[in-house]
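Chains, contacts and geometry: an overview
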Amino acid sequence: MASITTNGPDHGEGRDPVTVFERHRAQMIRDRMVVNVTLGVLFLAFLAWSVWISRFTPDRLATGIPRIFEYFGTVMPALQ
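Basis of the calculations
Residues numbered from 1 in each chain as written. Predicted model: local features only at pLDDT ≥ 70, side-chain atom pairs only at ≥ 80, totals over all residues. Heavy atoms only, no water. Helix = DSSP H or I, 4+ residues; strand = E, 2+ residues; numbered from the N terminus. Buried < 20%, exposed > 50% of the residue type's maximum accessible area, 1.4 Å probe, protein only. Areas by Shrake-Rupley, 256 points an atom, 1.4 Å probe, with all protein chains shown as cover. Phe/Tyr/Trp six-rings, centres within 6.5 Å; stacked < 30°, edge-to-face > 60°. Expected span 1.5 Å × (residues − 1). pLDDT = per-residue confidence, 0-100. Contact = heavy atoms within 4.5 Å.

1. Regarding the overall build of the protein
Assigned secondary structure in the protein consists of two helices and zero strands. Scored against the burial criterion, the 80 residues of the protein give a buried share of 0%. For the protein, the computed accessible surface area is about 7900 Å², with 68% contributed by carbon and sulfur atoms.

Structure, rendered in structure tokens:
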């Protein structure tokens, strides 16, 4: 029959609740960092893809800015 002791590889010195908590907290921080970096890379990849699909260039943006004001001018009701 196996005996239950507190002097094994999982118990004993260095396994006080504070140490266990700090190790768990460090693991959670690492996991969150991996998720954040992965989501950041995915966001940048989709942003680059959307720029490529829309053929975005700074010149097209600069030439389109006056048209934005034209649009707002037609949408806003006339003041009387």
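2. Comments concerning the packing of aromatic side chains
Within the structure shown, the criterion is met by two aromatic pairs. Centre to centre, the rings of F46 and W49 are 6.2 Å apart; their planes meet at 65 degrees, and the pair counts as edge-to-face. Taken as a pair, F46 and W49 lie in helix 1 (residues 17-54) at a separation of three residues, close to a single helical turn.

3. Points about helix 1
In this model helix 1 runs 55 Å from its N-terminal to its C-terminal C-alpha over 38 residues, within 8% of the 56 Å that 1.5 Å per residue would give. Downstream of helix 1 by one or two residues, R55 has phi in the positive range, about 55 degrees.

4. Some points on unusual backbone geometry
Here the phi dihedral of R55 falls at roughly 55 degrees; this positive angle occurs in a residue that is not glycine. Within the fold, R55 resides in the loop between helix 1 and helix 2 (58-75).

5. Quick word on the confidence of the model for the protein
For the protein, mean pLDDT is 85; residues scoring 70 or higher make up 81% of the total. Counted against residues more than four places away or in other chains, residues 2-8, with its pLDDT under 50, gives three contacts.

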